[in-house]
Amino acid sequence: FTHLVFHSIAILSRLVLAPRGWLVARMKSTAALRAETRALAGKEPLLHLNNAGASLPPACVVDTMKAHLDLEERIGGYEAHAAQISQCEQVYHSIARLINCSPAEIAWSISATHAWQLAFYSLRLAPDSCIVTTDIEYYSNLHAFAHCKAQVLPVNVDDRGLVDLSHLQTLLKERSIGCVCMSHIPTNSGRIIANLRDVGTLCQHFTVPFIVDACQSVGQVQVDVQDIQCDALSATGRKYLRGPRGIGFLYVRKNSCIMANPVFTDGFSSRLSVQLPSTECAADPPRLSLEHMPGAARFETWERPVAAWLGLGRAVDYLFECGGTAALQPRIQSLGQHLRAALCALSDCGVKVEDKGDSLGGIVSFSLAHHQPTAVQESLQAKRVNVSVSPPASTPLDTQRWGLGAVLRASVHAYNTLEELDQFCGILRSVLQK
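Predicted model only: the values in this text are computed from it and were never measured.

A. Structural context of the overall build of the chain. Check the secondary structure of the chain and you find 16 helices and 17 strands. The C-alpha atoms of the chain give 23 Å as radius of gyration, which agrees with the globular expectation for 434 residues (22 Å, within 12%). Seen along its three principal axes, the alpha-carbon backbone of the chain occupies a region of about 85 × 55 × 50 Å. Per-residue burial for the chain yields a buried fraction of 52% across its 434 residues. Taking as baseline every contact in the chain between residues at least 6 positions apart, the subset at least 24 positions apart corresponds to 68%. Accessible surface for the chain amounts to roughly 19,800 Å². Of this, 54% is attributable to carbon and sulfur atoms. For the chain, the centre of its 38 positive side-chain charges and the centre of its 38 negative side-chain charges are spaced 5 Å apart.

B. Structural view of the packing of aromatic side chains. Taken as a whole and assessed by the stated rule, the structure comprises 7 aromatic pairs. Measuring from centroid to centroid gives 5.4 Å for F120 and Y121, while their planes differ by 75 degrees, and the two rings are edge-to-face. Residue classification places F120 among the buried positions, given a relative accessible area of 2%. Grouped by ring-pair contacts, the aromatic residues W116, F120, Y121 and F145 constitute a single cluster. Taking NZ or CZ as reference, R97 lies 3.5 Å from the ring centre of F320, over its face.

C. Up close: the pairing of strand β8 (residues 210–213). Side chains F210 and V212 project from β8 onto one buried face, and the interleaved I211 and D213 project onto a second face that is buried too. Relative to β8, strand β7 (residues 177–183) is paired through 4 bridges, and the arrangement is parallel. Its bridge partner being in β8, V180 is matched across the sheet by F210. Crossover handedness for the path β7 to helix α10 (residues 196–205) to β8: right-handed. Sheet topology places β8 next to strand β9 (residues 232–236); 3 bridges connect them, and they run parallel. Each bridged residue has a counterpart across the sheet, and for D213 the counterpart in β9 is S234.

Rules behind the numbers
- Residues numbered from 1 in each chain as written.
- Predicted model: local features only at pLDDT ≥ 70, side-chain atom pairs only at ≥ 80, totals over all residues.
- Heavy atoms only, no water.
- Helix = DSSP H or I, 4+ residues; strand = E, 2+ residues; numbered from the N terminus.
- Rg over C-alpha atoms; globule rule 2.2 N^0.38 Å.
- Buried < 20%, exposed > 50% of the residue type's maximum accessible area, 1.4 Å probe, protein only.
- Contact = heavy atoms within 4.5 Å.
- Areas by Shrake-Rupley, 256 points an atom, 1.4 Å probe, with all protein chains shown as cover.
- Lys, Arg positive; Asp, Glu negative; His and termini not counted.
- Charge placed at Lys NZ, Arg CZ, Asp CG, Glu CD.
- Phe/Tyr/Trp six-rings, centres within 6.5 Å; stacked < 30°, edge-to-face > 60°.
- Lys NZ or Arg CZ within 6 Å of the ring centre and 35° of its normal.
- Pairing = 2+ DSSP bridges.
- Right-handed = clockwise from strand over helix to strand, strands pointing away.

Here is the structure:
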């Protein structure tokens, strides 16, 4: 009870009164964010603009993971897990609070892709099923469509970040659609799909499963599964949540058809019943039947990375301590806008910002007219500047549509500063002019 009281006080202390009387979240200061991140707190801080790949974890996340590994070393892995059962259970509650659902609708996974596949393949779609997606869908998801020999029907996302609802409604009405799958934010640009709620409403109306890939959005923009009305949503810990690698989560709505027949099961996710034949029918085989665990636990396995799961939980709690996504989102979008403007000033060096749309987040992609992106990335890394390269294969429908090659991706987080972004552009100019 005392812990809950102090936790509530900490949350309330992050709220300020807006002009119309609404309570809005106040972000922890940038200086505090940097002081609590070891790679940014030294005399020569890392210039990290690869947050869409893996953000820098705050010290508390790393310390949580180390503490559990130390415990495993001292008393044993099974025993350490048993000692941390309540802490492990609390992670489900933290994630549920983050995306507005029940803890029973959350399952851990090793990655966002793994989580997404658990949901998608549990639909058991027939070959040649029609799947509606967008041209910014992630390539791992397209792999799954190809694997099940599905017919892919892309709908357009316009420059405002809006899915063409008229086209979507026509497809849902006139075609036999097995599933609608959409990435909230693509891997290769800052474009945000702004009307997922309307997509969810249409899917609900036509009783078509709706799966959202929120790998790049959870922690960067506000995500509310009740508002989106999706059947399932996948996310990772290592990107904007600032958690560890090798851990993510899956949300599945409690009454979704996805719950009915999980694609994978083991001794944790379901109970096995064995009925041996009677003595009169000894030659008959034994009868095996399964009873799935309630809720999203049916998508989990017995073996799990406990230290990483605890680290993810600490990362989500730290996000709330920083004011929550509602506080960080405007900061991230503002930094992204500043970086795009600064990169536009490098057009004389062959830099072209490739982000399209009015609704843009913290991922900034740009092409280079005279240089190979990988070579530039390596030159920047030698100067302790981290960016990444997004190849055309990562979003093939989008890149082929626009004729894009590989692009450099600089992705900002709330702990980045305007001075850092200007410094980055100066370093980039010097690299390109060599």
